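As a plain string of letters, each chain reads:
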Amino acid sequence: VPRKRGQRFPHPSGSGSPLEAVARGNGQALRRGGEPVRDVPRRIALPWAEWGFDWCIYTYAHQFLIFHSAVVEKGGRAAVLAGPSGSGKSTLCAALLGRGWRLLSDEVGLLDPKRGLLLPIPRPVALKDASIGLIGRLLPHTRLGRVFAATRKGRIAHMRPPTDAVERQAEPAKPAWVVFPTHANNANTELAPLRKAAGFVRLEANCYNYAALGCNAFEALGKMIGTASCFALPFADVEAAAELVEGLAEVQPAAAVPLDAA
Amino acid sequence: LPRFNPRQPFLSMPPDDLLLRVFADPALIVGLGVEGWELLLVQARRTNLTARLSYWIECAGVLGDVPDRIGMQFAAVRVVAASRRRAIEWEVNRLHRVLTAAGYPMLLLKGAAYAAGGCRWPAVAARWASTSWCPVTNSKGPKGISSRMAGSRPSSTFTTGVLPKMEP
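With that settled, the discussion passes to the environment of B:Ser83. Residues and elements named next belong to chain B. Tracing the backbone shows Ser 83 in helix α4 (residues 68-101). Among the residues examined, Ser 83 registers a relative accessible area of 17% and is labelled buried. At a separation of 2.9 Å, a polar atom in the side chain of Ser 83 contacts the main-chain carbonyl oxygen of Val 80.

Residue and element names in this part refer to chain A. Packing of helix α2 (residues 89-97) against helix α8 (residues 238-248) leaves a shortest axis separation of 9 Å and a crossing angle of 65°. Judged by the sense of rotation from one axis to the other, the crossing of α2 with α8 is right-handed. Between α2, through Thr 91, Leu 92, Ala 95 and Leu 96, and α8, the contact on the second element is made entirely by Val 238, Glu 239, Ala 241, Ala 242, Val 245 and Glu 246.

Ranked by size, the top nonpolar core spans 33 residues in total, and within it A:Leu92 and A:Trp177 carry the most contacts. Element by element, the count of residues in this core is highest for α2(A), at six residues. Ranked by size, the runner-up nonpolar core spans 28 residues in total, among them A:Leu104, A:Leu111, A:Ile225 and B:Val79.

This part covers the pattern of salt bridges. Between side chains of opposite charge, a pair can form when the charged atoms approach closely. Applying the stated criterion to the full structure yields 13 salt bridges over all chains. Linking A:Lys74 and A:Glu246 is a salt bridge whose minimum nitrogen-to-oxygen distance equals 2.7 Å. Here A:Lys74, found in strand β4 (residues 65-74), pairs with A:Glu246, found in helix α8; they are 172 residues apart in sequence, far enough to count as distant. Note that B:Arg78 is salt-bridged to B:Glu58, the shortest N-O span being 2.7 Å. Note that B:Arg78 is positioned in helix α4 and B:Glu58 in helix α3 (residues 50-59), a separation of 20 residues in sequence. Overlapping salt bridges bring together A:Glu73, A:Arg102, A:Asp164, A:Arg168 and A:Glu171 as one network.

The next point concerns the sheet that holds strand β11 (residues 154-159) of chain A. Residues and elements named next belong to chain A. The strand order β9-β11-β10 describes an open sheet built from three strands, whose pairing is antiparallel. The strands lining the two open edges of the sheet, one partner per strand, are β9 (125-128) and β10 (148-151). Taken pair by pair, the neighbouring strands of this sheet meet at an average axis angle of 40°, ignoring direction. Inspection of the sheet shows β10 paired to β11 by two bridges, in the antiparallel sense. Counterpart to Phe 148 in the pairing with β11 is Ile 156. Most of the contacts of α2 go to β9, to which it runs at about 120°, and overall it touches β9 and β11. Relative to the sheet, helix α3 (residues 130-138) contacts β9 and β11, its axis offset from that of β9 by approximately 115°.

Moving on, we get to the pairing of strand β14 (residues 229-235) of chain A. Residue and element names in this part refer to chain A. Of all the seven residues making up β14, six are buried; the element is thus mostly covered by neighbouring parts of the structure. Pairing between strand β12 (residues 174-183) and β14: seven bridges, direction parallel. Counterpart to Val 179 in the pairing with β14 is Phe 231. In terms of strand pairing, strand β13 (residues 192-194) meets β14 through three bridges, oriented antiparallel. For Ala 192, the partnering residue across the bridge sits in β14 and is Ala 232.

Residue and element names in this part refer to chain A. On the secondary structure map, Pro 175 appears in strand β12. Remark: the alpha-carbon pair of Pro 175 and Val 80, spanning 95 residues in sequence, is separated by 7.2 Å. Setting aside its immediate chain neighbours within four residues, Pro 175 contacts Ala 78, Gly 116, Leu 117, Leu 118, Met 224, Thr 227 and Ala 228.

Take the packing of aromatic side chains next. Aromatic ring pairs are described here by two measures, namely the spacing of the ring centres and the angle between the planes. What the rule picks out here adds up to eight aromatic pairs over all chains. Measuring from centroid to centroid gives 5.4 Å for B:Phe23 and B:Trp56, while their planes differ by 80°, and the two rings are edge-to-face. In this pair, B:Phe23 sits in helix α1 (residues 18-24) while B:Trp56 sits in helix α3, placing the two residues 33 residues apart along the sequence. Aromatic rings pair up to connect A:Phe200, A:Tyr210 and A:Phe218 into one cluster. Above the ring of B:Phe23, the side-chain terminus of B:Arg52 is found at 5.9 Å from the ring centroid. Over the ring of B:Tyr55 we find B:Arg78; its NZ or CZ atom is 4.2 Å from the centre of that ring.

Right, let's get into the confidence of the model for chain A. Residue and element names in this part refer to chain A. Across chain A, the average pLDDT comes to 83, with 81% of residues at 70 or higher. By mean pLDDT, the top-scoring element of chain A is strand β8 (residues 117-119) (96), and the lowest-scoring one is strand β1 (residues 20-23) (44). Note on residues 1-35: pLDDT is under 50 here. Beyond four places in sequence and across chains, it has 90 contacts.

Thresholds applied
- Residues numbered from 1 in each chain as written.
- Chains lettered and ligands numbered in written order.
- Predicted model: local features only at pLDDT ≥ 70, side-chain atom pairs only at ≥ 80, totals over all residues.
- Heavy atoms only, no water.
- Helix = DSSP H or I, 4+ residues; strand = E, 2+ residues; numbered from the N terminus.
- Buried < 20%, exposed > 50% of the residue type's maximum accessible area, 1.4 Å probe, protein only.
- Polar contact = N/O pair within 3.5 Å; in protein donor to acceptor, adjacent residues only side chain to side chain.
- Axes fitted to C-alpha atoms, helices over the stretch in contact; angles between N-to-C directions.
- Left-handed = near helix turned anticlockwise from the far one by under 90°.
- Contact = heavy atoms within 4.5 Å.
- Core = buried A, V, L, I, M, F, W, Y, C linked by side-chain atoms within 4.5 Å.
- Salt bridge = Lys/Arg side-chain N within 4 Å of Asp/Glu carboxyl O.
- Pairing = 2+ DSSP bridges.
- Phe/Tyr/Trp six-rings, centres within 6.5 Å; stacked < 30°, edge-to-face > 60°.
- Lys NZ or Arg CZ within 6 Å of the ring centre and 35° of its normal.
- pLDDT = per-residue confidence, 0-100.

Spelled out as structure tokens, the structure:
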């Protein structure tokens, strides 16, 4: 983004790009219109550019229902791994990519309310702290980018998205499973079926624009939860968790969980 | 239009009142190229008029000439406009309940008045924050806030308990 030290990104005030990065002598600022959003050091410009992309999606892509989730697909059926930052969804997502699942997104789930399909937006998977070494060991052939220390989310490294995911980025997928992973070192790793209503409420809590879409959001989310099976997935070991999610792909969606499961 | 430089999209935009010209004549968008849409969307977004622009284009009957990818942006801003409108309607609805219960009439001004009056473009109403005034009257006539209102005519006045129905 920045060209030379001190040179401004070509963006005179008055134009309306949603987000601009300004190179300064000592660092950068992300700007919205004329006002700086936040000054950030040059050394972590790349993670910030990535958060800037996310910000643009959350702020502008209201034609979709947007979740904070990773989305992976196998055999035409997609698993939504929803949860707040630090719940382990990126790590689990990376582990599933290693097992041949297709990456739709690591950070944002985009549901097209009209078609009821999840849209891919394959970008590098952002791994944090301990996940960086873990995924490096689990998937030795995966290319990880440089490690950015001490960002606002800790240490960050980006995993290159599989070529297949990028080539098939125009191909949406049907939601089949909604999984809520929560990582804890002492957790008992299990895939616990959730009632549909509970899944709805938990997924809604991870929506960015549920209120903005109003009634359409309720119906689109309801339809999605209606056809998908919901699970809570507390896990300590990411490999075991990936194994459990992998097992889902063997099960037919209709038979996975009865409507009144506990 | 200026020569478009994709490496410097904003530098290659000289001062241009394209947005105003399109509001004056929506048919201008027919055959607008990449550089034209780039400028138009930037100007519309900067002035918070994207949703209104989309409704304006639709009313002029040239929505079919909008490229698909621009149409997606229009769909997105319309969602926001509709949600702001809902928020205004909700606010008016709540205030109306309280004020009518206490025996006061309710005046709506600006955006809220347009919205409650059934303005054709939700975006128009959504641009302004809702403003509601409660005229205070006593035996000596108008007083306080309402006296400042003496010369102005409100766009919508509700003195009954009936509000326009909220859309689902």
